[in-house]
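If you want the building blocks of each chain, they are given just below.
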Amino acid sequence: MTETTFKATVLYAEDDLSQRTVTSLELKRLGLEVTAVPDGEKACAALTKGPFDLVLTDIKMKPVDGFKVLAEARRRSPEAQVIVITGHGSIDSAVRAMKGGAFDYLTKPIEPEALQISIEKALERQRLLREVEQLRAQVRGKFSLDNIVYASSAFHNILDLVRKVGGTDASVLIQGESGTGKELIARAIHEASSRRDHPFVAVNCGALPEGLLESELFGHARGAFTGAVTQKRGLFEEARDGTIFLDEIGEMSPPLQVKLLRALQEGEVRRVGENRNIKINARVVAATNKDLRAEMQIGGFREDLYYRLNVFPIEIPPLRDRPDDILPLAERFLKLAHGKHKSKACRYSTQAAEALKAYRWHGNVRELEHAIERAVILAPNEEIGLDDLPPEVRTAGGAGPTIRPLDSVEREHILGVFAACGENQVETAKALGIGRNTLWRKLKEYGAPKSEATEKKKKLKRK
Ligand SMILES: Nc1ncnc2c1ncn2[C@@H]1O[C@H](COP(=O)(O)OP(=O)(O)OP(=O)(O)O)[C@@H](O)[C@H]1O
Ligand SMILES: [Mg+2]
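Rules of the game
Residues numbered from 1 in each chain as written. Chains lettered and ligands numbered in written order. Predicted model: local features only at pLDDT ≥ 70, side-chain atom pairs only at ≥ 80, totals over all residues. Heavy atoms only, no water. Patch = residues over 30% accessible without salt bridge, like charges linked within 9 Å, V, L, I, M, F, W, Y side chains within 5 Å. Areas by Shrake-Rupley, 256 points an atom, 1.4 Å probe, with all protein chains shown as cover. Salt bridge = Lys/Arg side-chain N within 4 Å of Asp/Glu carboxyl O. Helix = DSSP H or I, 4+ residues; strand = E, 2+ residues; numbered from the N terminus. 1 Å grid on protein atoms, 1.4 Å probe; cavity = no way out; pocket = protein on both sides within 12 Å on 5 of 7 lines; lining within 4 Å. Points joined across faces, edges and corners; volume = space filled by probe spheres on them. Nonpolar A, V, L, I, M, F, W, Y, C, P; charged D, E, K, R; others polar. Domains from an automatic or database assignment. Phe/Tyr/Trp six-rings, centres within 6.5 Å; stacked < 30°, edge-to-face > 60°. Buried < 20%, exposed > 50% of the residue type's maximum accessible area, 1.4 Å probe, protein only. Lys NZ or Arg CZ within 6 Å of the ring centre and 35° of its normal. Near = heavy atom within 4 Å. Polar contact = N/O pair within 3.5 Å; in protein donor to acceptor, adjacent residues only side chain to side chain. Sits in = over half its atoms within 2 Å of the grid points.

1. Points about a nonpolar patch on the surface
Next up, step 1: Nonpolar side chains collect at one region of the surface, where Ile-91, Val-95, Met-98 and Tyr-105 lie side by side and expose about 320 Å² of accessible area between them.
Next up, step 2: Broken down by element, the residue count for the nonpolar patch peaks at 3 residues, all from helix α4 (residues 91-99).
Next up, step 3: Position of Tyr-105 among the secondary structure elements: in strand β5 (residues 104-107).

As structure tokens, this is what we get:
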């Protein structure tokens, strides 16, 4: 076993002193931190104190035996792997221990090699379980309701729906423009449901040609088509008791829509090239950025499938229609990108914030997310300024689509050109394509500084 600074811990219960001494040494030699106890009672007491990675216990001990230690270990520290030691030839107790959740059993006399192999396997299993748990927690964190950012009442209502629908098995149809958060909501529904410990399987129905999508969804038999070298389970089967997310359902071809409808109605799928049916139990969440109602009217989407999927509709409005969500989202993405890129940027200038709020975000939250990540990389210091934002966003903060009266825009523009032309009225009028008199009148209206030439003329007149 490789030596690391981290030592796995083992609780070892054995009533025979000489056996205990020998095996304890063996365990130490394997790099483990050993707590050795002479009976089951002390083992159970030790379990209440420390977390152990492994429990190695003899079965025959008095008054408390190894089965009790096993049961206590399963109850107190389910992540600990239990290896039981049985007397020679007592296969019954080995079976009983395995049924009780033991990872492995060893028979006396303990072979050092067998001990080492069993312990390595147990530690490896434990490492994998931990890793899965961590990854699960990460995914759960990312998609949990608490991590969804919003301030608008529209989104608040959506999350209410998610919570309500989470408790049911109803099919959900999520509609919204690209980048509005459809997949996020689909995952949130899964996490809010009792299916959360089962798989969440996402399929993009727009990304595959019809035949391939069919075998992807329903599976195929070996040799069902060229390239089908092995038989394969479909994603409906893979999703088991979890959730299947049918993304871009509006892209599905009409023949496949028929097959999907049949599968949903009957709760069964048939692998391509097979003629037996397989029961399915996955909950269906579908999403689309198309207007399915309109598609239905022109015959692109089947009405019966639409109603089957649309038991529970959720519509996510575009980001521009819920402007209250923009800055909270921008803050979240800034925090994330700040950590990810180890950048100094940690706040927005007032103008940058204004521009973010004013921009129309046709690519919705996804576009916002990318714009912020880019800005965080570009920004040279703590404050993200207008210049760090993409050009199209930048202009939104100024004369862009913000609603302003025309005369204020005109005033600003004329004065700007006037200044750029060195306050020369002839040149300014030429540049603007308007008559000198018009320009003069407007400048007077704006109280613009009089050009030197005009001043001189006046002075001459007075003389
Ligand atoms: N309310 C929100 N809070 C936090 N992050 C969000 C929110 N809405 C969307 N996002 C993030 O924005 C990105 C786009 O969201 P998602 O992929 O769910 O959108 P979509 O509607 O499925 O887009 P597309 O139609 O392009 O597939 C993701 O990174 C997602 O995590
Ligand atoms: Mg998506």
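2. Examining the layout of surface pockets
Next up, step 1: In this structure, the largest pocket spans a volume of roughly 900 Å³.
Next up, step 2: As for the largest pocket, its lining consists of 29 residues, and the residues nearest its centre are Lys-142, Leu-184, Phe-333, Val-365 and Glu-369.
Next up, step 3: Mapped by element, the contributors of at least two residues to the lining of the largest pocket are α5 (112-143), α7 (182-191), β10 (243-247), α13 (326-341) and α15 (364-378).
Next up, step 4: Partitioned by chemical class, the residues of the lining of the largest pocket number 11 nonpolar, 6 polar and 12 charged.
Next up, step 5: Three or more residues apiece are contributed to the lining of the largest pocket by two domains, here domain 2 (153-317) and domain 3 (321-397).

3. Considering the packing of aromatic side chains
Between two aromatic rings, the relevant description is the distance of the centres plus the angle of the planes.
Next up, step 1: One pass over the full model with this rule turns up 5 aromatic pairs.
Next up, step 2: Here the aromatic rings of Phe-218 and Phe-236 are separated by 5.9 Å at their centres, their planes lie at 20 degrees, and the arrangement is stacked. Remark: Phe-236 occurs in helix α9 (residues 235-238) and Phe-218 occurs in helix α8 (residues 210-218); sequence separation between them is 18 residues. Of the two residues, Phe-218 and Phe-236, neither departs from the other in class, the shared state being buried.
Next up, step 3: Sitting above the plane of the Phe-67 ring, Arg-96 keeps its charged end 3.7 Å from the centroid.

4. Remarks on the pattern of salt bridges
Next up, step 1: This structure, assessed with the given rule, holds 26 salt bridges.
Next up, step 2: Here Arg-127 makes a salt bridge to Glu-131, at a shortest N to O gap of 3.0 Å. Taken together, the positions of Arg-127 and Glu-131, both in helix α5 and 4 residues apart, correspond to about one turn of that helix.
Next up, step 3: Of the residues examined, Arg-127 reaches a relative accessible area of 42% and is grouped as partly exposed.
Next up, step 4: The partner of Arg-320 in a salt bridge is Glu-177, and the shortest N-O contact between them spans 2.6 Å. Of this pair, Arg-320 sits in the loop between β14 (312-316) and α13 while Glu-177 sits in the loop between β6 (172-176) and α7, and the two are 143 residues apart along the sequence.
Next up, step 5: A relative accessible area of 27% places Glu-177 in the partly exposed class.
Next up, step 6: Each of Arg-233, Glu-237, Arg-271, Glu-274 and Arg-276 takes part in salt bridges that share partners, so that together they form one network.

5. Re the site of ligand 1
Next up, step 1: Of all residues adjacent to ligand 1, which total 16 residues, the nearest are Val-149, Ser-178, Gly-179, Lys-182 and Glu-369.
Next up, step 2: Interatomic distance of 3.3 Å between a backbone N/O atom of Thr-180 and an oxygen atom of ligand 1.
Next up, step 3: Within the side chain of Lys-182, an N or O atom sits 2.7 Å from an oxygen atom of ligand 1.
Next up, step 4: When the free accessible area of ligand 1 is taken as 630 Å², the share hidden by the protein chains comes to 87%.
Next up, step 5: Applying the majority rule of atoms within 2 Å of the grid points places ligand 1 in the largest pocket.
Next up, step 6: Listed by contribution, the elements that provide at least two residues to the shell around ligand 1 are α7, α13 and α15.
Next up, step 7: Among the residues making up the shell around ligand 1, the classes are represented as 7 nonpolar, 4 polar and 5 charged.
Next up, step 8: Among the domains, domain 2 (153-317) and domain 3 (321-397) are the pair contributing at least three residues each to the shell around ligand 1.

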